[in-house]
Amino acid sequence: MAIALGLSFSGGALAQSTVGSIFGQAPVASGETVMVTSAAGFTREVAVDSSGRYRVDNLPVGTYSVTLKQNGQVISTRDKTYVSSGAAAGVDFASSSANATELSTVTVSASALPAIDVTSVNSSTVITAADLQRLPVAHSAEAIALLAPNTTSGSGFFTGPGGQTLVSFGGSSVTENAYYVNGYNVGEPYKNLGGFQLPYGAIEQQETLTGGYDAKYGRSDGGVINQVGKRGNNEWHFGGQVAWQPRSLEGTPTNYRYGNTPVPASTGLVSNASDPNAPGTLRQYRNDNKYWETVYSAYLGGPLIKDKLYMFLAAETTKDQGTNVENNDNAKVQDYANKDTKFYGKLDWNITDSNILELTALKDNNSRGAGSTYGFDYDTLQRGAFVTKNDVTKDNAQIYIGHFTSYITDAATLSVVAGKGHFQDPVAYGNTSPLPFISRGSSGKQPDGYQPGNAQTNTTWTSPGAKNSTRGLRVDFDYKLGDHDLLAGMDNMYYRATDQGPSFQNPYSSQDYYWRYISATSAQKRQIGWATSMTMSQKAWYLQDNWQVAQNVYLSIGLRNDRFTNFNDVGKAFVDEKNQWEPRLGASWDVFGDSSLKIYGNAGRYYLALPNNAAERAANRSTYLTSTCSFSGVDETTGVPLNVHDCTAWTSPDGETGQPKDAKQVAARNLKPEYLDEFIVGFDKKLGDNWVYGAKAMWRDLKAAIDDVCDNSRVADKMTSMGLNPDDYSNSAALSTCVLFNPGMTNNFLLESNDGSKSTIVPMTTKDWGFSRGAVRKYGSLNMYLEHPFDGKWYGRIDYTFTRGFGNTEGQVRSDFGQEDISKTEDWDSWQLMDGQYGEFANVRKHQIKFRGDYQISPEWMVSATLLVQSGMPKECLGYFGPYTQGPDGYEPGGANDPTGYNNSGTGNYHWCNGKRVTPGSNGHTPWTELLNLGVHYRPAFADNKLGFNLDVFNALNQQRALQVDPSYQSGFDTDSNTLITNNYYGQSLYTTPPRTVRLSVTYDY
């Protein structure tokens, strides 16, 4: 509803929309029309119907004057009506006593609460440029999105192109969202981890859609972040901002220390011992991990040809520089510098009153990590000698969008959006060391106290030619026929990835593996990499009927059909999912017929495509090989083991040996895409003349997921039961590596005989794999809110959301240890890894309270605040599988306590600790957090309120509490002594809330 206010109520929003509507009532009279005029000279005029209703659709986002006419004569005008994307703004010319002869006396006060948009059936929060000027919010799309209910910050393991932490919507994983700028998909094109964004000062508005969108839009079962950029108008405007976040005003980051994990009693089966890191000692010295940041931005907009052609340009450069002391395993410190430069340009051409052309260019050059690395002495807490220049990670993007709109008649509108994007993500390596990386050097500490290490900071390398590209086309046709608003369209996207993924080959030597220490006498060689290329296509069409069934009843009925096709490195389709039917149904009831109370509901099915990254490791060549060796002594110059002997043969825990893969075999032949069903019911109601409140219940049920399964022995058992000899098919994917499947469904796999003379289909059920159930992700929430729209003096909104989420499948990624192999997590690799997984989800917070508001003390002074109070993340415990058995054999790869070999004498991967099953959340949660941001704004009258001085304080309470903790119960297994090593960092902080920071800024807007 308050979408009608241009603010943030639940209401009708279209996910990638860049247009909105104006609606309302006028006194019933003959010859009435309503004309809307934008600041950019765009004008539309529609007739008022016989009941006094009017509606003007497909209006570009912005501010409008709305004029009521009778027989061509102006009767009344309402200025400064703001139209939000996908929303409808209410402008009422009627009153209880008004009639045709009294029209000239009709007035509406500027502070009156607009009517609720009773045609909205979706869930959306819209934050405008004016809101962003007032609220203390970090400069990222994700920070803005977190103002909406049913959103949670994702794990710190996952970041977007600019290094920002990502967002989970409605319990979904952080890769299940969609990002749009001016109607074009700008999501990170390879893994869909975040998206590219406008310069902060170029944002006209950001719509955060948390559910319930109609058939026009798809490819997301999480949420949508939709940014609309500013445009020029008939007046020239320019301005800029300088912002500074000084290091000296930042709170001191808390240090991370080892805990005191209880060590289980040793038995005759296996011994238990504490790791060598004493309780209370430093895991990571963080007191000096501070940074400063500066932001410079400017914009210019206005008419190139008045009423005809307009331009808007904006540029922004963000620089930050700081220090990062690594943990005691690496014992290094980096001085780093990051730089992010964004450019946004837009041309708007009113070709005629009925035809509009918009051209957008967006450029983002991001580099992170420039600087130098030094040694760090954890005894003295002092930096040591220079080690290497830092590697610089780059994420560059160039995106071009064209949008043509034709108002063919008052009833018919055609919209065409075409775009393309080019993305480069190379790494400029400062570290050219020829040595192998040394992992877990603290586990290999020698009797003389030496901890292995060297100057190498990389285990893998990225190709200098790493890049992605996208192109897309969508066409929408809208036709009004009586009480029906009929829509039809198509929506196609194409993606290409080149030289993506890590390579194990050191470009500065012949070295192609690294060392991971297990103990003072054993270590493991690891060769891991899968650099590759691939393509993907996503095609869809839809039909939609928005039907005004009665004067106070509205239905939205839609149907969408999607097709997703993923191709491997030689252009062969390994996934081709056709005819994915998505019904969408929404209903809204204007209870009293005066737009003061709306009851609404929505039901829909939402499919999610596999990103290009799905081919990596699943369909293309990939290598994951290990060999465990004994040694005596360490070269203290290189950190490499000496006198290496008794190395095991190279083995792969999941069949990744670097061999090519058959596109027909790497996925189930009847593979279905991930999808969920969503149900929403809610109400919005005016409370007097100044307030609005409401509630919304949401239920999401994951119906299908895609992951990989690697238990080849189960396929062999099934073949034997079918009378087939598995040895005749041993080279087939299902018998030698991991394959994509739908957990919980019967999956049909193609296997070809080793001599190529025959093939067979092997159907694998849930029981055949040994699983007790299929993929489950259920999410329910109840949101209640109270809002006071801005009345020229103050604005405030408070939300409380109660949420429950449970199941065994987070989604395409796994947060507890940061696995971002999209739809290839280890969850479903074997039934033992899934055993104990059913529980709470990392992205669900049971309780959330969100507040945002601002108060205009005087025309010159304003204060503002945001508050986020929420309960904690469920804890996990990962160890060795099952009850204790006889060691050392039981704990070695393939033994009873490591049946998959994934522990590999290292940290645990199973939901078992100390011989007991531990489900997520059953061992507690991280603490509650209360994050308060404050803002003070001064716009002096002597500068005509165009000059602004701003002070924003983030995490004003300087509260630093754990957001996520280490789930690894054991740090390793020592075969020689038959000893499980208890991890003293278990349950300690991996990520905490950032310390207090202060941002000072000066703005000028002419």
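Residues numbered from 1 in each chain as written. Predicted model: local features only at pLDDT ≥ 70, side-chain atom pairs only at ≥ 80, totals over all residues. Heavy atoms only, no water.

Under an unreviewed UniProt entry, the chain has the name TonB-dependent receptor and belongs to Rhodanobacter geophilus. Entered under Subcellular location (unreviewed entry) in the UniProt record, the comment concerning the chain runs "Cell outer membrane". Annotation of the chain in UniProt includes, under Sequence similarities (unreviewed entry), the sentence "Belongs to the TonB-dependent receptor family." (UniProt positions renumbered as here; feature names shortened; annotations may be inferred.)

Our next topic: the overall build of the chain. Looking only at helices and strands, the chain has 7 helices and 56 strands in total. Radius of gyration (C-alpha) of the chain: 30 Å, near the 30 Å computed for a compact globule of 1006 residues. Counting only C-alpha atoms and orienting by the principal axes, one finds that the chain spans roughly 100 × 70 × 45 Å. Looking at the chain residue by residue over its 1006 residues, the buried ones come to 60%. (Helix = DSSP H or I, 4+ residues; strand = E, 2+ residues; numbered from the N terminus. Rg over C-alpha atoms; globule rule 2.2 N^0.38 Å. Buried < 20%, exposed > 50% of the residue type's maximum accessible area, 1.4 Å probe, protein only.)

Before going further, it helps to examine empty space enclosed by the protein. Taken as a whole and assessed by the stated rule, the structure comprises 14 cavities of 30 Å³ or more. Considering only enclosed or pocket space, the largest cavity measures out at about 210 Å³ in volume. If you go around the largest cavity, you meet 20 residues; those closest to its centre are Asn185, Asn192, Arg219, Tyr495 and Gln538. Elements supplying a minimum of two residues to the lining of the largest cavity: β11 (178–181) and β32 (532–550). Along the lines of polarity and charge, the residues of the lining of the largest cavity split into 9 nonpolar, 8 polar and 3 charged. (1 Å grid on protein atoms, 1.4 Å probe; cavity = no way out; pocket = protein on both sides within 12 Å on 5 of 7 lines; lining within 4 Å. Points joined across faces, edges and corners; volume = space filled by probe spheres on them. Nonpolar A, V, L, I, M, F, W, Y, C, P; charged D, E, K, R; others polar.)

The next subject is the nonpolar core. In terms of nonpolar packing, the biggest core is built from 46 residues, with Phe574, Val715, Leu740, Phe749, Leu751 and Trp769 touching the most fellow members. Apart from the residues within four sequence positions on either side, Leu751 is in contact with Gln665, Val715, Met719, Tyr729, Ser732, Ala734, Leu735, Lys758, Ser759, Thr760 and Val762. Formed by 40 residues, the second largest nonpolar core is a distinct cluster that contains Leu166, Val167, Leu198 and Ile399. (Core = buried A, V, L, I, M, F, W, Y, C linked by side-chain atoms within 4.5 Å. Contact = heavy atoms within 4.5 Å.)

Looking now at the pairing of strand β53 (residues 970–974). The element β53 is extensively covered by neighbouring structure, given that 5 of its 5 residues are classed as buried. Relative to strand β54 (residues 979–982), β53 runs antiparallel, the two being bridged by 4 bridges. Bridge pairing in β54 places Gln970 opposite Thr982. (Pairing = 2+ DSSP bridges.)

Under the UniProt annotation, the feature "domain: TonB-dependent receptor plug" (unreviewed entry) is placed at residues 121–223. The distance separating the terminal C-alpha atoms of residues 121–223 is 16 Å; by composition the span is 11% helix and 26% strand.

A separate point is the environment of Gly187. Relative to the elements of secondary structure, Gly187 occurs in the loop between β12 (184–185) and β13 (203–211). With 785 residues separating them in the primary sequence, Gly187 and Gly972 have C-alpha atoms 39 Å apart. Setting aside chain neighbours within four positions, we find Gly187 in contact with Tyr179, Asn192, Gly194 and Gly195.

Glancing now at the sheet that holds strand β17 (residues 271–274). The sheet built from 3 strands is open, its strands ordered β17-β54-β53 with mixed pairing. A strand with exactly one partner marks an edge of an open sheet, and here the two such strands are β17 and β53. Across the sheet, the mean angle from the axis of one strand to that of its neighbour is 25°, orientation sign disregarded. (Axes fitted to C-alpha atoms, helices over the stretch in contact; angles between N-to-C directions.)

A contiguous nonpolar patch, built from Trp236, Phe238, Leu300, Leu304, Ile305, Leu313, Phe343, Leu347, Leu359, Tyr1004 and Tyr1006 and spanning about 970 Å² of accessible area, is present on the exposed surface. Among the secondary structure elements, those contributing two or more residues to the nonpolar patch are β19 (291–305) and β21 (332–352). Examining the composition of the nonpolar patch, we find that 3 residues originate from one element, β19, more than from any other. Here Phe238 shows up in strand β15 (residues 237–245). Residue Phe238 is classed as partly exposed on the basis of its relative accessible area of 39%. (Patch = residues over 30% accessible without salt bridge, like charges linked within 9 Å, V, L, I, M, F, W, Y side chains within 5 Å. Areas by Shrake-Rupley, 256 points an atom, 1.4 Å probe, with all protein chains shown as cover. Salt bridge = Lys/Arg side-chain N within 4 Å of Asp/Glu carboxyl O.)

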